[in-house]
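Coordinate inspection notes
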Amino acid sequence: MNFTLYIWRQRNAKSKGKMVRYRATDISPDMSFLEMLDKLNADLAAAGEEPVAFDHDCREGICGTCSLVVNGVAHGPQRATTVCQLHMRHFKEGQEIWIEPFRARAFPIVRDLVVDRSAFDRITQAGGFISANTGPAPDANSLLVPKEEVSTAMSAAACIGCGACVAACPNASAMLFVAAKISHLAHLPQGQPERRRRALSMVRAMDGEGFGNCTNHEECEAVCPKEISVRFIAEMNRDYLRAALTTAEPETAS
Amino acid sequence: MKRFWEIFGTSIGCKAVMAVTGLLLFLFVIAHLLGNLLVFAGQDALNDYAAKLQGLGAGLWIARLGLLAIFVVHIYAAFRLTRINALARPEPYQKEESINVTFASRQMLASGLVVLLFVIYHLLHFTLGVIDSGAFGRLDAKGRHDVYAMVVQGFQNPFLSLTYVFAMVVLGLHLWHGAPSLFQTLGLKHPAWETCIRRTCQTVVALVVLGNCLMPLSILFLHESFTSK
Ligand code: HEM
Ligand code: FES
């Protein structure tokens with residue numbers, strides 16, 4: 001297959017970028033989207049041109065490193081699929097394909113299609129954990145968790161932190177990511193002791209990174225490769241408001 | 001109060017303030033419509049209702065100031081959040097495709113601003129009598145402020161009537177997204193109730209728009225049936 005590509009090229013965080021037109025030739029329909037870019041890069045290198053920088057790691061849809069906006073949609077046209085798991089057979093022969101980085105002030109561009117998503121790490125560090133003292137492992141089944149709660153926690157825990165929610169949100173809001181991290185622990189007994197503090201600290205960290213605010217467009221849910229539901233945003237709002245209104249030391253600002 | 005300002009300064013807190021003030025405004029809009037539908041019950045009923053509201057004296061002023069405060073806070077929060085959202089994506093996409101975004105959800109600030117302009121216009125019209133002043137300030141046979149005659153005369157003017165209809169459709173657009181959205185914002189949502197909340201909200205919004213448009217339109221087209229004594 002052959003494609004006409006328009007790819008965002010930008011030397012570094014400071015320079016101005018622009019869309020550049022390329023031809024991708026001899027692409028197998030069974031190639032993944034990233035393999036198609038590998039092929040393009042090999043051709044560019046052979047021609048003495050600078051290859052296109054893009055992020056990837058596992059290439060099996062579990063690490064959350066790949067991060068492309070394809071034809072205006074984060075992770076491309078296939079629902080519930082990371083762009084590394086997207087195959088070229090989903091495109092039409094000769095089609096124009098626009099490839100851009102995830103765009104948000106909180107995700108500065110490093111080069112071409114690579115963005116810095118360490119803002120997510122800082123939010124997680126602010127509260128996306130439980131504090132457990134080391135010691136002997138507790139007896140099996142000493143802590144009972146209803147199946148429904150486990151499933152809900154698991155569907156939030158499925159978040160791979162790729163940032164597609166931010167990329168797709170018209171307001172570049174990170175609320176789906178933060179909500180998934182908060183709800184994942186809020187549905188488990190181990191998450192209870194720090195539940196209020198977690199909601200307060202993670203929301204504060206999120207605000208500090210310069211993300212926008214959710215206006216309930218629900219665009220994030222549509223592009224999330226793990227189909228995380230916006231129900232978790234409602235849960236985060238509830239957890240946060242309860243904590244902010246009733247905790248003795250709210251620590252909402254500092 | 002310190003706690004309130006702290007919460008207001010955060011993303012979720014500011015959104016919650018937006019949702020609570022939006023809910024209060026929505027409830028006001030419903031109550032305002034129910035009162036005004038008395039225009040269909042005739043001159044006596046509407047003027048009596050208006051006289052009772054006027055008779056509240058200080059209470060009326062407390063309600064008015066409260067409503068004004070809610071409105072101002074809602075608008076302030078709207079601008080604050082919209083500004084933060086605009087700053088959050090300085091470089092736009094060259095090609096952007098949306099999946100779930102609706103016209104209503106994208107136009108919240110614009111529809112809100114139309115509503116704001118309309119509210120000013122509406123107050124100048126029926127509360128202050130600046131627009132259409134000929135119909136303002138008359139008394140009925142029982143010596144009450146003749147609201148009925150003022151409304152019936154006002155809405156016979158096609159420009160005035162259609163302005164109201166337009167504004168009500170825009171308000172409906174604002175609430176079409178805003179009403180279900182406020183439940184999500186306040187965390188009063190669960191997958192089991194999601195569809196029910198959305199449908200109920202949007203039905204109420206549709207009825208509010210219908211009721212509000214019915215008054216100017218029926219007076220415009222059927223004014224013979226609206227007789228005053
Ligand atoms: C009668 C008048 C009004 C009513 C009943 C109303 C109602 C609402 C409701 C229920 C919401 C949803 C809140 C949420 O998503 O949680 C909302 C949001 C919003 N309103 Fe209003 N509103 C009114 C006037 C205005 C005005 C005058 C403006 C603008 C200057 C405005 C701007 C906005 C904006 C930008 C949002 C979106 C906020 C967001 O989604 O985060 N509204 N409104
Ligand atoms: S590269 Fe790991 S999820 Fe795509």
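It should be noted that the structure appears before, not after, this text.
Keep in mind that what you see is a predicted model, and the values were worked out from it rather than measured.

Details of the overall build of chain B
Check the secondary structure of chain B and you find nine helices and zero strands. The helix and strand sequence of chain B, counted from the amino end, reads α-α-α-α-α-α-α-α-α. Counting every position in chain B, which comprises 229 residues, the buried fraction comes to 42%. At a minimum sequence separation of 6, the contacts of chain B that also span at least 24 residues come to 72%. Of the roughly 12,200 Å² of accessible surface on chain B, a fraction of 72% belongs to carbon and sulfur atoms. Averaging the coordinates of the 17 positive side-chain charges in chain B and doing the same for the 11 negative ones gives two points 8 Å apart.

Let's talk about the coordination of the iron atom of ligand 1
Looking at the metal site, the iron atom of ligand 1 is ligated by H74 of chain B (NE2) and H174 of chain B (NE2), spaced 2.0 to 2.1 Å from it. The class for H74 of chain B is buried, based on a relative accessible area of 13%.

Observations concerning the interface of chain B and chain A
Counting residues at the interface gives 39 residues for chain B and 53 residues for chain A. In this assembly, chain B packs against chain A so that about 3,900 Å² is buried in total across both faces, 52% of it on carbon and sulfur atoms. The interface formed by chain B and chain A includes 32 residue pairs in polar contact (both at pLDDT 80 or more). Contributing elements (two or more residues each) for the side of chain B that touches chain A: α1 (2-8), α2 (11-36), α4 (58-88), α5 (103-106), α8 (158-185) and α9 (191-221) of chain B. For the side of chain B that touches chain A, a count of residues per class yields 14 nonpolar, 14 polar and eleven charged.

What to know about the layout of surface pockets
Approximately 310 Å³ is the volume found for the second largest pocket. Lining the second largest pocket are 14 residues, with N216 and E218 of chain A together with H177, R198 and Q202 of chain B positioned closest to its centre. If you list the elements that add at least two residues to the lining of the second largest pocket, you get α8 and α9 of chain B. In terms of residue count, α8 of chain B provides more of the lining of the second largest pocket than any other element does, four residues in total. For the lining of the second largest pocket, a count of residues per class yields two nonpolar, eight polar and four charged.

Observations regarding empty space enclosed by the protein
Residue and element names in this part refer to chain A. All chains considered together, the criterion is met by four cavities of 30 Å³ or more. By volume, the largest cavity is sized at about 120 Å³. Residue lining of the largest cavity: 17 residues in total, with C169, C214, E218, C220 and I233 positioned closest to the centre. Of all the elements in the fold, those that place two or more residues in the lining of the largest cavity are α5 (175-186) and α7 (219-223). Residues belonging to the lining of the largest cavity are distributed by class as follows: nine nonpolar, six polar and two charged.

Description of the packing of aromatic side chains
Counted under the stated rule, the structure contains 17 aromatic pairs over all chains. Where F3 of chain A meets F91 of chain A, the ring centres are 6.3 Å apart and the plane angle is 80°; that geometry is what we call edge-to-face. With F3 of chain A in strand β1 (residues 3-9) and F91 of chain A in the loop between β4 (73-74) and β5 (96-101), the pair connects residues that are 88 residues apart, well separated along the chain. Comparing F3 of chain A with F91 of chain A shows no difference in burial state: the two are buried. With a centroid separation of 5.8 Å and an interplanar angle of 10°, the aromatic rings of F4 of chain B and F8 of chain B are classed as stacked. Of this pair, F4 of chain B and F8 of chain B are both found in helix α1, four residues apart, which corresponds to roughly one turn of the helix. An aromatic cluster is present here, built from F118, Y121, F126, F155 and Y164 of chain B joined pairwise through their rings. The ring centre of W8 of chain A lies 4.0 Å from the NZ or CZ of R103 of chain A, which sits over that ring. Over the ring of W61 of chain B we find R64 of chain B; its NZ or CZ atom is 4.9 Å from the centre of that ring.

Observations concerning the site of ligand 1
Not every one of the 25 residues close to ligand 1 is listed here, only the nearest: H74, G112, H174, S181 and T185 of chain B. In this structure, ligand 1 is bordered by residues of chains A and B. Measuring from a nitrogen atom of ligand 1, one finds a side-chain N or O atom of H74 of chain B at 2.9 Å. If one sorts the elements of the shell around ligand 1 by residue count, α8 of chain B sits on top with seven residues.

Topic: the pattern of salt bridges
Tallying each qualifying case throughout the model produces 19 salt bridges over all chains. Between D112 of chain A and R9 of chain A there is a salt bridge, and its shortest N-O distance comes to 3.1 Å. Here the residue D112 of chain A occupies a position in the loop between β6 (109-111) and β7 (114-115), and R9 of chain A occupies one in strand β1, the gap between them amounting to 103 residues. Accessibility expressed as a relative area gives 2% for D112 of chain A, which makes it buried. One salt bridge connects E6 of chain B with K2 of chain B, and the closest N-O pair in it is separated by 3.2 Å. In this pair, E6 of chain B and K2 of chain B are both assigned in helix α1, four residues apart and thus about one turn of the helix distant. In this structure K2 of chain B comes out as exposed when scored by relative accessible area, which is 64%.

Thresholds, definitions, all that
- Residues numbered from 1 in each chain as written.
- Chains lettered and ligands numbered in written order.
- Predicted model: local features only at pLDDT ≥ 70, side-chain atom pairs only at ≥ 80, totals over all residues.
- Heavy atoms only, no water.
- Helix = DSSP H or I, 4+ residues; strand = E, 2+ residues; numbered from the N terminus.
- Buried < 20%, exposed > 50% of the residue type's maximum accessible area, 1.4 Å probe, protein only.
- Contact = heavy atoms within 4.5 Å.
- Areas by Shrake-Rupley, 256 points an atom, 1.4 Å probe, with all protein chains shown as cover.
- Lys, Arg positive; Asp, Glu negative; His and termini not counted.
- Charge placed at Lys NZ, Arg CZ, Asp CG, Glu CD.
- Donors = N, O, S within 2.8 Å, 3.2 Å for Na, K, Ca; no water.
- Buried area = accessible area lost by both parts, 1.4 Å probe.
- Polar contact = N/O pair within 3.5 Å; in protein donor to acceptor, adjacent residues only side chain to side chain.
- Nonpolar A, V, L, I, M, F, W, Y, C, P; charged D, E, K, R; others polar.
- 1 Å grid on protein atoms, 1.4 Å probe; cavity = no way out; pocket = protein on both sides within 12 Å on 5 of 7 lines; lining within 4 Å.
- Points joined across faces, edges and corners; volume = space filled by probe spheres on them.
- Phe/Tyr/Trp six-rings, centres within 6.5 Å; stacked < 30°, edge-to-face > 60°.
- Lys NZ or Arg CZ within 6 Å of the ring centre and 35° of its normal.
- Near = heavy atom within 4 Å.
- Salt bridge = Lys/Arg side-chain N within 4 Å of Asp/Glu carboxyl O.

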